[in-house]
Amino acid sequence: MSNSDGDAQQFEVITPSASQIKSYANSVCAALAEQLGDEAYISPDVVTGLTNFLQIIVHIHAKHYSKLVDKQLEEDYSENNQAGQQGAGNTLLP
């Protein structure tokens, strides 16, 4: 993936905010408490534990995804440069 100037495109991994993750954890814990009939799932310790776990997973996934995209961008950029160099020698002059 490169633009017409030959520079690699920029990308940004956008992760959920801490408040979005906490809200999701609250929702999951509330659903578990309701489905299983156990109020222990909505205790602050359980919600905080799930929130922390999800934040770690989001961080790991974002870092991994960034590395994958960086590698793909480098490969695409390299392929485009090689194709341009190979084609340059085949140019016919009038």
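Residues numbered from 1 in each chain as written. Predicted model: local features only at pLDDT ≥ 70, side-chain atom pairs only at ≥ 80, totals over all residues. Heavy atoms only, no water.

Right, let's talk about the overall build of the protein for a bit. When helices and strands are tallied, the protein shows 2 helices and 0 strands. Burial status across the protein gives 12% buried among its 94 residues. Within the protein, contacts between residues at least 6 apart in sequence are counted, and of these 60% link residues at least 24 apart. (Helix = DSSP H or I, 4+ residues; strand = E, 2+ residues; numbered from the N terminus. Buried < 20%, exposed > 50% of the residue type's maximum accessible area, 1.4 Å probe, protein only. Contact = heavy atoms within 4.5 Å.)

Looking at the secondary structure, you find Thr51 in helix α2 (residues 44-88). We classify Thr51 as buried; its relative accessible area is 7%. With near-sequence residues (within four places) excluded, Thr51 lies in contact with Ile21, Lys22 and Ala25.

Turning our attention to the environment of Glu39. Locating Glu39 in the fold gives a position in the loop between α1 (18-36) and α2. Relative accessible area serves as the criterion here: at 55%, Glu39 is assigned to the exposed category. Sequence separation of Glu39 and Cys29 is 10 residues, and the distance between their C-alpha atoms is 9.1 Å.

A few words on the confidence of the model for the protein. Summing up the model confidence of the protein, the mean pLDDT is 82 and the portion of residues at 70 or higher is 78%. This model gives residues 1-5 a pLDDT under 50, and the stretch forms 9 contacts once residues within four places in sequence are excluded. Every residue in residues 89-94 is under pLDDT 50, and counting partners more than four places away or in other chains gives 0 contacts. (pLDDT = per-residue confidence, 0-100.)

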